Amino acid sequence: MSAPHETLIDYYSRRAAEYEAIYDKPERRADLAALKAYVQTVMSGHDVLEIACGTGYWTEVMAATCRSICAVDASLAMLGMALQKSFPANRVQFQAADAYALDTVEGTFTAGCAAFWWSHVALHELPAFLKGFHAALEPGAQVCFIDNLYVKGSSTPLVRTDAEGNTYQTRHLNDGSQHEVLKNFPDEATMRQLLAPFANDIIWRDFTYYWCCTYTVAQK
Ligand SMILES: C[S@@+](CC[C@H](N)C(=O)[O-])C[C@H]1O[C@@H](n2cnc3c(N)ncnc32)[C@H](O)[C@@H]1O
(Lines give C-alpha, C1' and ligand atoms only; values in the text may rest on other atoms or scores of the structure.)
Protein backbone atom coordinates (compact mmCIF):
# COMPACT_ATOMS: atom_id res chain seq x y z
CA MET A 1 0.00 0.00 0.00
CA SER A 2 1.31 3.50 -0.82
CA ALA A 3 2.31 5.97 1.91
CA PRO A 4 -0.55 8.42 1.12
CA HIS A 5 -3.07 5.57 1.38
CA GLU A 6 -1.66 4.47 4.73
CA THR A 7 -1.67 8.07 6.00
CA LEU A 8 -5.37 8.45 5.16
CA ILE A 9 -6.28 5.18 6.88
CA ASP A 10 -4.28 6.19 9.95
CA TYR A 11 -6.06 9.56 10.06
CA TYR A 12 -9.48 7.89 9.94
CA SER A 13 -8.49 5.29 12.54
CA ARG A 14 -7.60 8.10 14.94
CA ARG A 15 -10.85 9.84 14.10
CA ALA A 16 -13.15 6.80 14.38
CA ALA A 17 -14.64 7.55 17.81
CA GLU A 18 -15.44 11.18 16.95
CA TYR A 19 -16.33 10.62 13.27
CA GLU A 20 -20.14 10.71 13.41
CA ALA A 21 -20.13 14.24 14.87
CA ILE A 22 -20.10 15.43 11.24
CA TYR A 23 -23.63 14.11 10.88
CA ASP A 24 -24.89 16.21 13.81
CA LYS A 25 -24.62 19.65 12.19
CA PRO A 26 -28.19 21.04 12.54
CA GLU A 27 -28.12 22.97 9.23
CA ARG A 28 -27.39 19.72 7.35
CA ARG A 29 -30.21 17.64 8.82
CA ALA A 30 -32.81 18.31 6.11
CA ASP A 31 -30.27 17.58 3.38
CA LEU A 32 -29.25 14.32 5.03
CA ALA A 33 -32.87 13.21 5.37
CA ALA A 34 -33.46 13.82 1.65
CA LEU A 35 -30.20 12.10 0.71
CA LYS A 36 -30.97 9.06 2.85
CA ALA A 37 -34.41 8.64 1.28
CA TYR A 38 -32.86 8.90 -2.19
CA VAL A 39 -30.12 6.34 -1.44
CA GLN A 40 -32.64 3.93 0.05
CA THR A 41 -34.67 4.11 -3.17
CA VAL A 42 -31.61 3.62 -5.40
CA MET A 43 -30.32 0.63 -3.38
CA SER A 44 -33.70 -1.03 -2.81
CA GLY A 45 -33.60 -4.82 -3.31
CA HIS A 46 -29.90 -4.89 -4.24
CA ASP A 47 -26.98 -6.96 -3.02
CA VAL A 48 -24.64 -4.08 -2.22
CA LEU A 49 -20.88 -3.82 -1.96
CA GLU A 50 -20.19 -0.72 0.13
CA ILE A 51 -16.58 0.43 0.20
CA ALA A 52 -14.96 2.73 2.78
CA CYS A 53 -18.01 2.15 5.00
CA GLY A 54 -16.46 3.81 8.05
CA THR A 55 -18.68 3.61 11.14
CA GLY A 56 -21.49 2.03 9.11
CA TYR A 57 -23.63 5.18 9.06
CA TRP A 58 -24.72 4.64 5.43
CA THR A 59 -24.69 0.86 5.86
CA GLU A 60 -27.48 1.32 8.39
CA VAL A 61 -29.36 3.59 5.97
CA MET A 62 -29.11 1.15 3.05
CA ALA A 63 -29.81 -1.93 5.19
CA ALA A 64 -33.41 -0.75 5.52
CA THR A 65 -34.18 -1.38 1.84
CA CYS A 66 -31.42 -3.45 0.22
CA ARG A 67 -31.32 -7.27 0.12
CA SER A 68 -27.81 -7.58 1.55
CA ILE A 69 -24.68 -5.49 2.15
CA CYS A 70 -21.04 -6.41 2.32
CA ALA A 71 -19.47 -3.30 3.86
CA VAL A 72 -15.70 -2.94 3.77
CA ASP A 73 -13.17 -0.48 5.13
CA ALA A 74 -9.38 -0.50 5.55
CA SER A 75 -9.50 0.89 9.10
CA LEU A 76 -10.07 -1.68 11.84
CA ALA A 77 -10.97 1.14 14.23
CA MET A 78 -13.75 2.29 11.89
CA LEU A 79 -15.00 -1.28 11.46
CA GLY A 80 -14.99 -1.64 15.25
CA MET A 81 -17.38 1.31 15.50
CA ALA A 82 -19.60 -0.15 12.77
CA LEU A 83 -19.84 -3.49 14.55
CA GLN A 84 -21.40 -1.75 17.56
CA LYS A 85 -24.50 -0.90 15.50
CA SER A 86 -27.42 -3.27 15.11
CA PHE A 87 -28.70 -4.25 11.69
CA PRO A 88 -31.57 -6.33 10.28
CA ALA A 89 -30.73 -10.02 10.84
CA ASN A 90 -28.50 -11.74 8.26
CA ARG A 91 -28.40 -8.75 5.93
CA VAL A 92 -25.08 -7.05 6.72
CA GLN A 93 -21.51 -8.28 6.95
CA PHE A 94 -18.34 -6.26 7.50
CA GLN A 95 -14.88 -7.01 6.20
CA ALA A 96 -11.47 -5.35 6.25
CA ALA A 97 -10.51 -4.50 2.67
CA ASP A 98 -8.59 -1.90 0.69
CA ALA A 99 -10.78 0.04 -1.76
CA TYR A 100 -7.92 -0.20 -4.26
CA ALA A 101 -7.64 -4.01 -3.98
CA LEU A 102 -11.19 -5.34 -3.94
CA ASP A 103 -10.28 -8.73 -5.39
CA THR A 104 -10.05 -9.91 -1.75
CA VAL A 105 -13.82 -9.42 -1.39
CA GLU A 106 -15.98 -12.39 -2.33
CA GLY A 107 -19.63 -12.13 -3.33
CA THR A 108 -22.03 -11.31 -6.13
CA PHE A 109 -23.02 -7.66 -6.02
CA THR A 110 -25.79 -6.03 -8.05
CA ALA A 111 -24.87 -2.61 -6.67
CA GLY A 112 -21.92 -0.67 -5.30
CA CYS A 113 -21.86 2.34 -3.03
CA ALA A 114 -19.30 4.67 -1.49
CA ALA A 115 -20.11 7.63 0.74
CA PHE A 116 -17.54 10.39 1.20
CA TRP A 117 -14.85 8.30 -0.46
CA TRP A 118 -14.61 9.72 -3.98
CA SER A 119 -13.31 13.02 -2.61
CA HIS A 120 -10.29 11.22 -1.07
CA VAL A 121 -9.15 9.54 -4.30
CA ALA A 122 -6.29 11.38 -6.03
CA LEU A 123 -7.23 12.43 -9.56
CA HIS A 124 -4.65 10.17 -11.24
CA GLU A 125 -5.96 7.15 -9.27
CA LEU A 126 -9.62 7.53 -10.22
CA PRO A 127 -9.55 5.42 -13.44
CA ALA A 128 -7.77 2.47 -11.77
CA PHE A 129 -9.97 2.75 -8.69
CA LEU A 130 -13.13 2.71 -10.83
CA LYS A 131 -11.87 -0.23 -12.87
CA GLY A 132 -11.23 -2.26 -9.69
CA PHE A 133 -14.55 -1.24 -8.11
CA HIS A 134 -16.57 -2.11 -11.20
CA ALA A 135 -14.74 -5.45 -11.56
CA ALA A 136 -16.03 -6.41 -8.10
CA LEU A 137 -19.64 -5.80 -9.24
CA GLU A 138 -21.95 -7.61 -11.65
CA PRO A 139 -22.09 -6.27 -15.22
CA GLY A 140 -24.71 -3.51 -15.39
CA ALA A 141 -24.61 -3.01 -11.59
CA GLN A 142 -26.13 0.08 -10.02
CA VAL A 143 -23.54 2.43 -8.50
CA CYS A 144 -24.06 5.28 -6.06
CA PHE A 145 -21.44 7.79 -4.90
CA ILE A 146 -22.27 10.41 -2.27
CA ASP A 147 -19.97 13.21 -1.28
CA ASN A 148 -19.62 16.82 -0.16
CA LEU A 149 -20.23 19.95 -2.16
CA TYR A 150 -17.84 22.73 -1.20
CA VAL A 151 -19.94 25.28 0.70
CA LYS A 152 -18.07 28.46 1.56
CA GLY A 153 -18.33 29.28 5.26
CA SER A 154 -19.42 25.72 6.11
CA SER A 155 -16.81 23.42 4.54
CA THR A 156 -13.30 23.18 6.01
CA PRO A 157 -11.26 25.65 3.89
CA LEU A 158 -8.91 24.36 1.19
CA VAL A 159 -5.30 25.13 2.04
CA ARG A 160 -3.48 24.04 -1.09
CA THR A 161 -3.81 22.59 -4.56
CA ASP A 162 -1.11 20.26 -5.94
CA ALA A 163 0.28 20.16 -9.49
CA GLU A 164 -2.33 17.57 -10.53
CA GLY A 165 -5.24 19.68 -9.23
CA ASN A 166 -5.97 17.75 -6.02
CA THR A 167 -7.07 20.00 -3.16
CA TYR A 168 -6.18 19.64 0.53
CA GLN A 169 -7.64 20.59 3.91
CA THR A 170 -6.01 20.89 7.33
CA ARG A 171 -8.05 18.92 9.83
CA HIS A 172 -7.84 18.80 13.62
CA LEU A 173 -8.77 15.89 15.87
CA ASN A 174 -9.88 15.95 19.51
CA ASP A 175 -6.46 14.58 20.56
CA GLY A 176 -4.90 17.85 19.34
CA SER A 177 -3.30 16.32 16.24
CA GLN A 178 -3.36 18.11 12.88
CA HIS A 179 -3.63 16.33 9.52
CA GLU A 180 -3.43 17.42 5.90
CA VAL A 181 -6.10 15.50 4.02
CA LEU A 182 -6.68 15.27 0.27
CA LYS A 183 -10.28 16.30 -0.36
CA ASN A 184 -11.51 16.96 -3.90
CA PHE A 185 -14.80 18.60 -4.87
CA PRO A 186 -15.74 17.46 -8.39
CA ASP A 187 -18.56 19.18 -10.25
CA GLU A 188 -21.15 17.50 -12.43
CA ALA A 189 -19.36 18.17 -15.73
CA THR A 190 -16.07 16.72 -14.41
CA MET A 191 -17.81 13.64 -13.07
CA ARG A 192 -19.68 13.02 -16.30
CA GLN A 193 -16.46 13.29 -18.29
CA LEU A 194 -14.59 10.94 -15.93
CA LEU A 195 -17.36 8.37 -15.81
CA ALA A 196 -18.21 8.40 -19.52
CA PRO A 197 -15.96 5.42 -20.44
CA PHE A 198 -17.35 3.29 -17.59
CA ALA A 199 -20.96 4.27 -17.05
CA ASN A 200 -24.49 4.44 -18.46
CA ASP A 201 -27.54 6.33 -17.22
CA ILE A 202 -25.54 8.83 -15.18
CA ILE A 203 -27.71 10.89 -12.83
CA TRP A 204 -26.17 13.73 -10.81
CA ARG A 205 -28.13 15.33 -7.97
CA ASP A 206 -27.05 18.40 -6.09
CA PHE A 207 -28.36 18.87 -2.58
CA THR A 208 -27.34 21.92 -0.51
CA TYR A 209 -24.28 20.36 1.15
CA TYR A 210 -23.92 17.09 -0.74
CA TRP A 211 -23.90 15.61 -4.22
CA CYS A 212 -25.06 12.16 -5.23
CA CYS A 213 -24.09 10.51 -8.52
CA THR A 214 -25.71 7.27 -9.65
CA TYR A 215 -25.12 5.22 -12.79
CA THR A 216 -25.02 1.68 -14.08
CA VAL A 217 -21.72 0.02 -14.94
CA ALA A 218 -21.28 -0.11 -18.71
CA GLN A 219 -21.19 -3.68 -20.06
CA LYS A 220 -17.99 -4.44 -21.97
C1 LIG B 1 -14.88 10.07 4.96
S2 LIG B 1 -14.83 8.48 5.68
C3 LIG B 1 -16.37 7.83 5.07
C4 LIG B 1 -16.98 6.81 5.98
C5 LIG B 1 -18.40 6.40 5.62
N6 LIG B 1 -18.48 5.95 4.26
C7 LIG B 1 -19.35 7.55 5.84
O8 LIG B 1 -19.72 8.17 4.83
O9 LIG B 1 -19.74 7.83 6.97
C10 LIG B 1 -13.64 7.69 4.65
C11 LIG B 1 -13.44 6.22 4.99
O12 LIG B 1 -12.49 5.67 4.07
C13 LIG B 1 -11.73 4.70 4.76
N14 LIG B 1 -10.53 4.44 3.97
C15 LIG B 1 -9.45 5.22 3.82
N16 LIG B 1 -8.58 4.66 2.97
C17 LIG B 1 -9.13 3.48 2.58
C18 LIG B 1 -8.73 2.44 1.70
N19 LIG B 1 -7.57 2.49 1.02
N20 LIG B 1 -9.56 1.39 1.52
C21 LIG B 1 -10.73 1.32 2.19
N22 LIG B 1 -11.16 2.26 3.04
C23 LIG B 1 -10.38 3.34 3.23
C24 LIG B 1 -11.50 5.33 6.10
O25 LIG B 1 -11.09 4.39 7.07
C26 LIG B 1 -12.86 5.96 6.37
O27 LIG B 1 -13.69 5.06 7.07
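Refer to the preceding data block for the structure.
Being a predicted model, the structure only gives us computed values, none of them experimental. Along each chain, numbering runs from 1 in the same order as the chain's sequence is written. With the structure being a predicted model, the display of local features is reserved for residues of pLDDT at least 70 and the display and counting of side-chain atom pairs for 80 or more, all residues being used for whole-chain, interface and lining totals. Computation of side-chain values: all heavy atoms of the structure, hydrogens and water removed.

A. Summary view of the pairing of strand β9 (residues 199-206). In the sheet, β9 pairs with strand β10 (residues 210-217) via six bridges, with the strands oriented antiparallel. Paired with Ala-199 across the strands is Val-217, a residue of β10. In textbook terms, the turn of a hairpin is the stretch between consecutive antiparallel strands, and for β9 and β10 this stretch comprises three residues. Two strands pair under a simple rule: DSSP has to find at least two bridges between them. Here a helix means four or more residues in a row that DSSP labels H or I, a strand means two or more in a row labelled E, and each is numbered from the N terminus.

B. Geometry of the side chain of Thr-59. Tracing the backbone shows Thr-59 in helix α3 (residues 57-63). Here Glu-50 takes part through its side chain, which lies 2.5 Å from a polar atom of the side chain of Thr-59. Beyond its immediate chain neighbours, meaning those up to four positions away, Thr-59 contacts Glu-50, Cys-53, Ile-69, Ala-71, Phe-87, Val-92 and Phe-94. Under the rule applied, a polar contact is a pair of N or O atoms within 3.5 Å (in protein, one hydrogen donor and one hydrogen acceptor; residues adjacent in sequence only if both atoms are side-chain atoms). Two residues form a contact once any of their heavy atoms are found within 4.5 Å.

C. Geometry of the sheet that holds strand β3 (residues 92-96). Judged by pairing direction, the sheet is mixed, and its seven strands sit side by side in the order β3-β2-β1-β4-β5-β10-β9 without closing on themselves. Two strands lie at the open edges of the sheet, namely β3 and β9, each paired on one side alone. In this sheet, adjacent strand axes meet at a mean angle of 15° when their direction is disregarded. Angles run from 0 to 180 degrees between N-to-C directions of axes, and those axes are lines fitted to C-alpha atoms, restricted for helices to the stretch in contact. Of the strands in this sheet, β1 (47-51), β4 (111-115), β5 (142-148) and β10 touch helix α5 (residues 126-135), which is tilted by about 135° from β5.

D. Representation of the layout of surface pockets within the structure. Using a grid of 1 Å spacing that covers the protein atoms alone, one calls a set of points a cavity when a 1.4 Å probe fits there but cannot get out, and a pocket when the set is open and has protein on both sides within 12 Å along at least five of seven lines; lining residues are those with an atom within 4 Å of a point. Grid points are joined across faces, edges and corners, and a volume is the space filled by probe spheres set on the points. Taken as a whole, the largest pocket spans an internal volume of roughly 710 Å³. In this structure, the largest pocket is lined by 41 residues; those nearest its centre are Leu-8, Ile-9, Tyr-12, Trp-117 and His-120. At the level of elements, α1 (3-15), α3 and β8 (178-182) are the ones that each hand at least two residues to the lining of the largest pocket. With seven residues, the single largest contributor to the lining of the largest pocket is α1. For the lining of the largest pocket, a count of residues per class yields 23 nonpolar, 11 polar and seven charged. Volume-wise, the second largest pocket comes out at about 520 Å³. The wall of the second largest pocket is formed by 26 residues, among which Arg-15, Ile-22, Lys-25, Thr-156 and Arg-171 lie closest to the centre. Where the lining of the second largest pocket is concerned, the elements lending two or more residues are α1 and β7 (167-172). At four residues, β7 tops the list of elements feeding residues into the lining of the second largest pocket. Here the residues of the lining of the second largest pocket are counted per class, giving 11 nonpolar, nine polar and six charged. In this count, Pro and Cys sit with the nonpolar residues alongside Ala, Val, Leu, Ile, Met, Phe, Trp and Tyr, while Asp, Glu, Lys and Arg are called charged and the others, Gly among them, polar.

E. Here's a closer look at the nonpolar core. Counting residues in each nonpolar core, the largest one holds 73 residues, and the members touching the most others are Leu-49, Ile-51, Trp-58 and Phe-145. Sequence-distant contacts of Trp-58, that is, excluding residues within four places in its chain, are made with Tyr-23, Leu-32, Leu-35, Lys-36, Val-39, Glu-50, Ala-115, Phe-116 and Ile-146. Definition of nonpolar core: a set of buried residues of the types Ala, Val, Leu, Ile, Met, Phe, Trp, Tyr and Cys, connected through side-chain atoms within 4.5 Å. For the exposure calls, accessible area comes from a 1.4 Å probe over protein chains only, and a residue counts as buried if that area is under 20% of its type's maximum, exposed if over 50%, partly exposed in between.

F. Geometry of the site of the ligand. Taken together, 21 residues lie near the ligand, and Tyr-23, Ala-52, Asp-73, Ala-99 and Ala-115 sit nearest. Take Asp-73: an N or O atom from its side chain is 2.7 Å from an oxygen atom of the ligand. In short, Shrake-Rupley with a 1.4 Å probe defines the accessible areas, and a residue's cover is counted only from the protein chains shown. When the ligand is considered free in solution it has 590 Å² of accessible area, and contact with the protein chains removes 99% of it. To qualify as sitting in a cavity or pocket, a molecule needs more than half of its atoms within 2 Å of the grid points. Given that more than half its atoms are within 2 Å of the pocket grid, the ligand belongs to the largest pocket. When at least one non-hydrogen atom of a residue lies within 4 Å of a molecule or strand, that residue is treated as near it.

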